[in-house]
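Results of the structural survey
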Amino acid sequence: MASKHKLDFVDTELQAIKQNNLYRKLRYGKAQGAYITINGKKLLNLCSNDYLGIPITKIQANQLQSSSRLVSGNDESYKKLEKVLAKHKSQQNSLIFPTGYMANLGSISAIAKKGDLILSDELNHASIIESCKLTDAKVLIYKHNDMQDLQIKTKQKAKNKFIITEGVFSMDGDLSSLKQITEIAEKTNAITIVDDAHGDFVIGKDGKGTPNHFHVGKKIDLYISSLSKGLGSFGGYIATQNNVVDLCINKSKSFIYTSALPSFLVKHSLKRFESNREKQKKKLEKNTKSLSKGLREIGFEINSESQIIPIIVGNEKSAMDFGKFLFDNGIFVQPIRYPTVPKNQARLRISVTAWLKDKDIERALEIFQKAYVKFC
Ligand SMILES: Cc1ncc(COP(=O)(O)O)c(C=O)c1O
């Protein structure tokens, strides 16, 4: 009998992942503008979150923090960017975290406690789901963007009630019904939290985000976002009122017990924020319109309202085959499978960027036309 190793159970688990067509492997690529090079093959990159495609500026990587912000890892660049981000969201204050994921973990776990009720959209991002688990609050999941279900669930008694939603849903590209959500919140005295990682800098006046697009920007109590997507930089932040920021500084474990984001990245975000974002936003809107229109004309069912355009295939294996076909034909779109999306709802998640030129979109549509014939 072959001798057993203590970690053999890991192989068993990996085997099960492979059998279910859910195995993930790292690829090594070099992304540059509209393209990405993988194993020497140059592909059109249709899965980058650098939505605005702000022209590349050199990063002055001249200083590493080597400490948390509460120890010696803080400097004036943080103060500057936090002031800018608070104004961007029309909030009293903001706080930068090393990533958007950590901003979710730190802020939600700091404010929700035992006796509270969290109402969370069923399609919310993994970082929100994990954040809710870190609290002792009761968590109820409401059906995706279903205001009737949300309304029913807000009737439960609790000390504090929180409604948490994404602004632009990251895997579906639809927008949260924020007008109705803020109305329900007003009636039930619920605190509204919006993770706008995919709407920030991209949607609304001056890229102020999804709540601004629905004219309810001021009704959001806590914004959570990423600097690594629309802005094309790195990091995460919250924007909210002074006392919540203060509480996070004192209580958020993902803020206190981790090294600070290097300040050259903070400065980089500031630079990008102050660039001509409006010009890039217009390009992105134009590209999104023409790619969605082209895909619909081919026959794909497209329900997205943003730069995130999923083509839902269903079966995991078919999504992988579809992705491989695109790859072989020079287009890079990563298939998205469970647990990122529900089982049997595997998809090709296309993300449009301002990097794309008209000829890139035309070429992509030619390949999608061939894929439609082959897979649909
Ligand atoms: C909705 C949402 N929130 C948060 C995050 C995490 O942001 P970051 O990449 O800055 O950690 C993501 C990233 O995928 C996201 O899609």
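This structure is a prediction, so every number in the text was calculated from the model and none was measured. The residue count restarts for each chain, going from 1 along the sequence in the order it is written. Given that the model is predicted, a residue must reach a pLDDT of at least 70 before its local features are reported, and side-chain atom pairs must reach 80 or more before they are shown or counted; all residues, however, enter totals for whole chains, interfaces and linings. Excluded from the side-chain calculation are hydrogens and water; included are all heavy atoms of the structure.

Note that patches include only residues with greater than 30% relative accessible area and no salt bridge, and the join distances are 9 Å for like charges and 5 Å for nonpolar side chains (Val, Leu, Ile, Met, Phe, Trp, Tyr). Surface exposure here means Shrake-Rupley accessible area, sampled with a 1.4 Å probe, where a residue is shielded only by the protein chains that are shown. Note on definitions: salt bridges are taken to be side-chain nitrogens of Lys or Arg within 4 Å of carboxyl oxygens of Asp or Glu. Taken together, the side chains of L7, F9, V10, L14, I17 and Y23 make up a nonpolar region of the molecular surface, amounting to roughly 490 Å² of accessible area. By definition, any uninterrupted DSSP run of H or I lasting at least four residues is a helix, any uninterrupted run of E lasting at least two residues is a strand, and each is numbered from the N terminus. With respect to the helices, strands and loops of the structure, V10 is situated in helix 1 (residues 8–19).

With that settled, the discussion passes to the site of the ligand. The ligand sits among 15 residues. The nearest are G100, D195, H198, S226 and K229. One nitrogen or oxygen atom from the main chain of Y101 is found 2.9 Å from an oxygen atom belonging to the ligand. At a separation of 2.6 Å, an oxygen atom of the ligand approaches a polar side-chain atom of H198. Protein coverage of the free-state accessible area of the ligand, which is 390 Å², stands at 83%. Tallying contributions element by element places helix 3 (residues 100–111) first for the shell around the ligand, with three residues. Definition of nearness: a residue and a molecule or strand are near each other if at least one heavy atom of the residue lies within 4 Å of the molecule or strand. Nitrogen and oxygen atoms within 3.5 Å of one another constitute a polar contact, given that in protein one can donate a hydrogen and the other can accept it, and given that sequence-neighbouring residues count only through two side-chain atoms.

Residues scored as positive are Lys and Arg, those scored as negative are Asp and Glu, and His as well as the terminal groups of each chain are ignored. Each charge is placed at NZ for Lys, CZ for Arg, CG for Asp and CD for Glu. A cluster of basic side chains, namely K42, K279, K283, K357, K359 and R363, defines a positive patch on the protein surface. As for its placement among the helices and strands, K283 is situated in helix 11 (residues 277–298).

Each domain span listed reflects an automatic or database assignment of domains. For the protein, the assigned domains read domain 1 (26–54 + 277–375) and domain 2 (76–273). Relative placement of domain 1 and domain 2: their C-alpha centres are 27 Å apart. The three residues of domain 1 that bury the most area against domain 2 are I54, R277 and E305, which together make up 31% of that side's buried surface. In this assembly, domain 1 and domain 2 are joined by one salt bridge. Note that R347 is salt-bridged to D172, the shortest N-O span being 3.1 Å. Mapped by element, the contributors of at least two residues to the side of domain 1 that touches domain 2 are helix 11, strand 11 (308–314) and strand 14 (346–351). Here the element with the most residues in the side of domain 1 that touches domain 2 is helix 11; it accounts for five residues. For this classification, Asp, Glu, Lys and Arg are treated as charged, while Ala, Val, Leu, Ile, Met, Phe, Trp, Tyr, Cys and Pro are nonpolar and the rest, including Gly, are polar. For the side of domain 1 that touches domain 2, the per-class residue count stands at nine nonpolar, five polar and eight charged. As used here, buried area is the combined drop in accessible area, with a 1.4 Å probe, of two parts when they are placed together.

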